[in-house]
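# Structural description and commentary
Chain residues, written in single-letter form:
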Amino acid sequence: MNVIVVDDERIVLAAETATIKRTMENADVYSFQKVKDALEFAEQNVVSIAFLDINIKGITGLQLAQKLQEYNPKINIIFCTGYSEYSLDAHDLYCSAYLMKPINDKKLTKALENLRYPLPEKAKELRVKCFGNFEIYKDGVPVKFKHKRTKELFAYLIDRNGATVSTKEMATALYEDTNKESNIRNLRADLNNTFEQLGISDLLVHSGGDVGVNVEKIDCDYYDYLDGKKELFHGEYMSQYSFAEETIAWLMNEKILPK
């Protein structure tokens, strides 16, 4: 998600940009002192939010907002200014907020909670297919691991739906042998190394020695099913893995229950 900040005062621009980056950690924030540079960027990139000063050299913030709306009618405009008298004109442009300088975290958070246009959802890190055979994709390409059973370990973590599990639990699920904890540690290392090489961060959640998956970063048909998309299930779930028998039994029971 792209966010731009436009103010011709360098010190003010730097301070506002720092506040916005701190509050919007997942956004790509770009700052501009020159209107020309901001417009060139907006013409070539989709901008979701524009933070604009009202009094800018050579143009008003209101005029700049109109130009930005030509590139993206759904852009959220937030004015950051020391001039209260332009607030009615700003609202005529359907701006999302009119903030008096200096802006701070509290003002910014409230403005972001009341945006006129919804922000685009951040793309999930991985796509995971559970119904039928279990498969993992990154940008449409199947993910390959060094060890074959690493994929099975990740399937087990997906099945646990975000719950963290111990090394002993994983050994029992994959090997039916609690003495296989060293094997599990090798698989976990392979899992971490593979995701690191793919540039995927924070996919796994660690709690002491236990591990789980961050479900918010995974596009998964099973999780979509749990969110209400019951039509996705057609009788098969992680078909290649025996540990999935409990979940498949639950899914089949849900399928035959009267609605």
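Residues numbered from 1 in each chain as written. Predicted model: local features only at pLDDT ≥ 70, side-chain atom pairs only at ≥ 80, totals over all residues. Heavy atoms only, no water.

In this section: the pattern of salt bridges. The tally for this structure, following the rule as stated, stands at eight salt bridges. Of the charged contacts, one joins Asp 7 and Lys 101 as a salt bridge, the two residues approaching to 2.7 Å between their closest N and O atoms. Of this pair, Asp 7 sits in the loop between strand S1 (2-6) and helix H1 (10-23) while Lys 101 sits in the loop between strand S7 (97-100) and helix H5 (105-112), placing them 94 residues apart in sequence. Residue Asp 7 is classed as buried on the basis of its relative accessible area of 0%. For Lys 101, a relative accessible area of 26% gives the class partly exposed. Two residues, Arg 149 and Glu 152, come together in a salt bridge whose shortest N-O distance is 3.1 Å. With Arg 149 and Glu 152 both in helix H6 (residues 148-159), this residue pair falls three residues apart, about one helical turn. You can call Glu 152 buried: its relative accessible area is 10%. Through salt bridges with shared partners, a single ionic network connects Asp 7, Asp 53 and Lys 101. (Salt bridge = Lys/Arg side-chain N within 4 Å of Asp/Glu carboxyl O. Helix = DSSP H or I, 4+ residues; strand = E, 2+ residues; numbered from the N terminus. Buried < 20%, exposed > 50% of the residue type's maximum accessible area, 1.4 Å probe, protein only.)

So, on to the side chain of Asp 8. For Asp 8, the position within the fold is in the loop between S1 and H1. Lys 57 provides the closest opposite charge to the buried, salt-bridge-free Asp 8, at an N-O distance of 5.5 Å. Here the side chain of Asp 8 touches Lys 57 through a polar contact of 2.9 Å, landing on its backbone nitrogen. (Lys, Arg positive; Asp, Glu negative; His and termini not counted. Polar contact = N/O pair within 3.5 Å; in protein donor to acceptor, adjacent residues only side chain to side chain.)

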